[in-house]
Amino acid sequence: MNRRNLGWTSAGEIIASGVWTEGSVNNTQYPQMAYELGKSL
C-alpha cells in the first residue's frame, strides 16, 4: 500500500545504515532514536 492512498503524513524515519544482521542494531544509537521518534507522536 502506498502511504499517499491512506492519507498519512510521515512523522519521520530512522534509517539504520550499515546494520544488516539481526541484533547488530542493539549497540548503536538507532534504538534510542526510534524510541524518541515514537515518543514524539
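About the thresholds
Residues numbered from 1 in each chain as written. Predicted model: local features only at pLDDT ≥ 70, side-chain atom pairs only at ≥ 80, totals over all residues. Heavy atoms only, no water. Helix = DSSP H or I, 4+ residues; strand = E, 2+ residues; numbered from the N terminus. Buried < 20%, exposed > 50% of the residue type's maximum accessible area, 1.4 Å probe, protein only. Contact = heavy atoms within 4.5 Å. Salt bridge = Lys/Arg side-chain N within 4 Å of Asp/Glu carboxyl O.

(A) Main features of the environment of Leu37. As for its placement among the helices and strands, Leu37 is situated in helix H2 (residues 30-39). Assessed through its relative accessible area of 21%, Leu37 is described here as partly exposed. Expressed as a C-alpha distance, the spacing of Leu37 and Ala11, which sit 26 residues apart in the sequence, is 7.9 Å. Filtering out sequence-adjacent residues up to four positions away, Leu37 remains in contact with Ala11, Gly12, Glu13 and Ile14.

(B) Local environment of the pattern of salt bridges. As enumerated under the stated definition, the model contains 1 salt bridge in all. Note that Lys39 and Glu36 form a salt bridge whose closest N and O atoms lie 3.7 Å from each other. With a gap of 3 residues between them, Lys39 and Glu36 both fall in helix H2, about one helical turn apart. When its relative accessible area of 35% is taken as the criterion, Glu36 is described as partly exposed.

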